[in-house]
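# Observations on chain architecture
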Amino acid sequence: MSGGVQLENANPVIFQRSVERLLTASEEDEDVHDPIDDREIFDLIRSINDPEHPLSLEELNVLEQVRVKVNDAESTVSVEFTPTIPHCSMATLIGLSIKVKLLRSLPDRFKIDVRITPGTHASEDAVNKQLADKERVAAALENSSLLEVVNQCLSTRRI
Amino acid sequence: MAAVSPLLLSLVEEFVSGLQDSKAKEAAKGVKDGQFTMLQLVEALGVSLTSSQPHTRARGVQLLSEVLQENYAELTEREVEVLTAFYENRLKDHYVVTPSVLRGLQELTKCTTLPPGSAVSMLRSVFQDVHVQSLMLAERACIYNMLINLMETREAELKGLGADFVFGFVQSMDGERDPRNLLLAFQIAKNIVLQGYNLGKFTEELFEVTSCYYPIDFTPPPNDPHGITKEELILGLRAVLTGTPKFAEFLLPLLIEKLDSDVQSAKLDSLQTLAACMSQYESKDLAEFLEGLWASLRREVFQTSSEKMESAALAALAALTSCLSRSVLSSDSEDTLSTFLDLILRDCKHHLSEPDLKLVWPSAKLLQASCSASNRASYVITAAIMPSLIKQFNSRTQCSHRRTLLEVVQRFIQSVNTSQSSDIDESVFSEYRAALCSMVFSALSESNSSLQITAASVLNSLAQQTGLLLDSDIQLAVDHLTRLLLAEEDERVSSAVVDCAGALAEQHPAAFITKLIPRLKEELFSDTESFELRYHPAVHRRCLAALAAVSIQPSVVQESSPVLLDVLSSAHSDEGPSGPCSPLTKEEVLSAMVPVISTACSRLQPTLAGQTVLRVVSLFLDGDVSFLPDNAFPSHIQLLKQQQGMKASWSQSQLVCLLMACVCSLPRNVEVPQMERLLSQLEELSCSCSHLLSYSSAAKCFAGLINKRPQGESLDSSIQRTMQRVCSELDCPSSPVRTQVFTLMIWVAKALLLRYHPLFSILTDKLFSLLGDPDLGPMAAASFSLLMSDTEDILNRRCHANMRIMYRQRFFSENSAKLVQGFNAAPQEKKPNYLKALSNIITKLPKQVQVSELPALLSLLLEALTCPDQGVQLSTLSCLEPVLLNPPPVLIQQLEALISRLLALVCSPAMKIRITSIRCIHALSQFPVHEVLPFRARVLRALAQPLDDRKRLVRREAVQARGEWFLLGSPVGR
């Protein structure tokens, strides 16, 4: 982010962050089994950094809790994300970051489906297809410079 | 002239031809002791100095220089003059001679007797005859040191050289590469610039020769013995570059260029350099670069990559604005400040009308930074933006928009706070007072809680502006606050309101005395008819919290404390469900009274303290109740005696905590009457009573008195008497009062530990032996935490306790070996107690001691991790966790053992152990990368399992730890 490079969307709308999940008594009880729920998945990904702005995907409203669905019993997760503008060239990278974060944070048994919220991006199908293709995701992560950018998005912000 | 002594001749001979370096020292010592003079030395050197062999000449000069090094202070002006002429001449000699010549000259520059003119001629010769950069490192340093010495003592003469001096220096340092020499060269350049040497036409040359190092990129070699840091070089160079406005035309373009680069460290350095040079510059130096600087600064804030960069850019902008504000305007020049502020407003103002977009905050921050720079700037900026902010606030309907606007306004108020000097009475915001107040009050009347909270803190900021708010505003504000206090249920709002009330009351106590306190009083004592309807414990609590918060000024306290006392006495008379019930029988009430009494007693004047303690002791010992007004006590009440057979006897005996609060916090010079009798009754109570608060307070009171008692026979004998009783009870396993006796022992031990009393060691031995006790073992282990930490109610500095510094370290160093020994000797089932004791001690130790002592204990801790007992595992993990955040080297050597033990625990059946072990593994990811990288794959595999843990808290830790380990080895990770 330097020199005279102009961002595609320099002044996006900002949304409020949701409050931290409240700790319940049952979560502290050894004997209760806590199932993985939508909020837990949302918490995993909401703090991913945007590749361009020093903001999280939640603050840009790219991710919303209502678009995160999990079924613990059937081991499936589905996440829909909304690019800030229909021509956002970062859509694939954002999707990849979400996918990688979930791959790293969820048990093997889950089938992870990351896609663009229908009707919010010009090349929606192409991006969805890339994200759904296991081999292409794996190949992308072999690319060290791409992995670097993804890691950048996933690193906790240091102030 | 005396003949040259043969000793000297032989010394010279051995040094020059025999190449024995040690002889130089002897010659120097000889000169120093007056055995021979400088002149004799030169005469003795005669042959070597005129030899046809350059190496012999070099040796000769070397001897002379080394002798000078020891003796330069004693030289006469005449000697210095001759020597200087000689050395200047020798500069033309063979190159092997030059190093020694330079060393000699360097010594001569230190002479206070250097004759006038020598400095100049010396430098002329050096600049003329020596090509500095083809010399070796040490010789170059010699020349820099010469310059530094001469600049210190012969400033006027050097300035006489004019621009030639600067030119000579520029030529000398051109191409310097060694960081040690660069530090010296930067120092010279800084002196040239700051002390006003004539730069002549060489300004640009001097700038070029130094700025070519900018920005400094230097990584010291590992194990660098010189200890030069990048930071030192940066600051050295920055001092040169920012030292004079003459560099402005060269420096500013350079900074703009570096700001536009991609290298983060260069950007940051440029911002800091920019801020630094503003203290020297004037507006005419800046005028032509303002556009460029603004564009770069704006970009750094609008598209910031880190908070650090952003705050550096804002600081630079503030410095720039204040520099422009400082300049005196002349009639024909344009007003650069207003030109610049126009630029800022042009680019930022319109973003403030889009409160939900990202750029609102960066724009606001930029405006605020320039606003905070000077009074003039703050007038210009506020005049330009406040009307529009106020208008928007009144026209917007969405709460989130209004809140953002309010927050922006608040930041402006705060930024002006920092800039305004105290001699300006009129606040910048006076013009907008009415509008701002109506904004705040309308926000306080909204139902949206976050809007209310923001409004409360804006109100707070407004109140900090001296003389801004009128009395009528304050009255209205108090009305709003009171209303919210009584009606608002949201806890966050009411705590914000209480904070705001506290801050306002500090500035404007009158309104709170006349309005808030009477209203709260009314609420607290609302008539009992409608008691059931109106009584809300939450409202009550908020009222009390507000009363406490506003009671900062003495005038308010005078009004509020009667109300609080009334609350107390009304609580006293309230009828409980089972007959009359005093709040003084409630433990929490008593515990709350302890700090009040203790604080009051610790500050009493000596005579008053003496009276108080006399009364209190006679009340508790003799039942003298005469000084308590309106009491209903029977006369001769025996507060410290257990009434046998009475069920509620503890309701009286627990009052001993009040005795403790009083007598244990008095200054040490106040004598407590009837000490022996008091101690024995306290001992009796603490050893016989079965009520926890009673016996523990009695034990604490006993300990507090022991701690302050003067050293001597009577102290020792009372300690020993108590010890005997304690030990005999503890040695009898069937005794019913072992817990009580143990409590007494621990408190006495604490009291003695603090004052380094020699009898303390007996108590520690007893304590260690109890770690193996089947009943008291766990309690004994836990008690180490009490010994090592500061206590709140007694035995602390506030209570004037007899405390020596570093008692923790002392305890640790005296007892850690015993503990380790005890651990090794103990049977398996007893080991946990020892480990718990150890971890209790270690966690309380200061960091430095922890790090130095850990090596000895590490193997013990590692063994403890494999111990099957869950309690041991947990306490060891919690002992390790803080250490891992700042790991000592010895830990890194044991990484393999540590990691495999930790990984084994992530699937432990106990949730807490899983969580803490994963946290430890998380901490390991911050170790030096090359040390932990080999374990990456193994750790990632092991952490896959807790990702599917049945407990969410465990999963959360595992996700964080695994995420960090994934990033390991990639540059962004660290």
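Keep in mind that what you see is a predicted model, and the values were worked out from it rather than measured.

Let us now look at the overall build of chain B. For chain B, the count of helices and strands is 50 helices and two strands. Its C-alpha radius of gyration of 39 Å places chain B more than 25% over the 30 Å reference for a compact globule of 974 residues. Projected onto its principal axes, the C-alpha coordinates of chain B cover approximately 115 × 80 × 70 Å. When contacts within chain B are restricted to residue pairs at least 6 apart in sequence, those whose partners lie at least 24 apart make up 72%. When the accessible area of chain B is evaluated, it comes to approximately 43400 Å², of which 54% is carbon and sulfur surface. If you average the places of the 89 positive and of the 105 negative side-chain charges in chain B, the two averages end up 6 Å apart.

With 36 residues of chain B at the contact, the number on the chain A side is 46 residues. Counting each side, the surface lost to burial between chain B and chain A is near 3500 Å², with a carbon and sulfur contribution of 48%. Area buried by chain B at its contact with chain A is led by Gln303, Lys358 and Arg952 of chain B, which between them contribute 22% of it. The interface formed by chain B and chain A holds six salt bridges in total. Counting every contact that joins chain B to chain A gives 21 residue pairs in polar contact (both at pLDDT 80 or more). Of all elements in the fold, only helix H47 (911-924) and helix H50 (952-967) of chain B reach the threshold of two or more residues within the side of chain B that touches chain A. Sorting elements by how many residues they give to the side of chain B that touches chain A places H50 of chain B first, with eight residues. Residue composition of the side of chain B that touches chain A, grouped by class: twelve nonpolar, seven polar and 17 charged.

Moving on: the state of the cysteines. What we call a disulfide is simply a covalent bond connecting the sulfur atoms of a pair of cysteines. Residues and elements named next belong to chain B. On inspection of all chains with the given rule, the structure shows zero disulfides over all chains. Not engaged in a disulfide, the cysteine Cys799 finds its nearest cysteine sulfur in Cys664; these two sulfurs lie 7.6 Å apart. Not engaged in a disulfide, the cysteine Cys907 finds its nearest cysteine sulfur in Cys920; these two sulfurs lie 15 Å apart.

This prediction gives chain B a mean pLDDT of 85; 94% of its residues lie at or above 70. Low confidence marks residues 575-579 of chain B, where pLDDT is under 50. Its contacts with residues over four positions away, or in another chain, come to zero contacts.

Cut-offs used in this document
- Residues numbered from 1 in each chain as written.
- Chains lettered and ligands numbered in written order.
- Predicted model: local features only at pLDDT ≥ 70, side-chain atom pairs only at ≥ 80, totals over all residues.
- Heavy atoms only, no water.
- Helix = DSSP H or I, 4+ residues; strand = E, 2+ residues; numbered from the N terminus.
- Rg over C-alpha atoms; globule rule 2.2 N^0.38 Å.
- Contact = heavy atoms within 4.5 Å.
- Areas by Shrake-Rupley, 256 points an atom, 1.4 Å probe, with all protein chains shown as cover.
- Lys, Arg positive; Asp, Glu negative; His and termini not counted.
- Charge placed at Lys NZ, Arg CZ, Asp CG, Glu CD.
- Buried area = accessible area lost by both parts, 1.4 Å probe.
- Salt bridge = Lys/Arg side-chain N within 4 Å of Asp/Glu carboxyl O.
- Polar contact = N/O pair within 3.5 Å; in protein donor to acceptor, adjacent residues only side chain to side chain.
- Nonpolar A, V, L, I, M, F, W, Y, C, P; charged D, E, K, R; others polar.
- Disulfide = S-S within 2.5 Å.
- pLDDT = per-residue confidence, 0-100.

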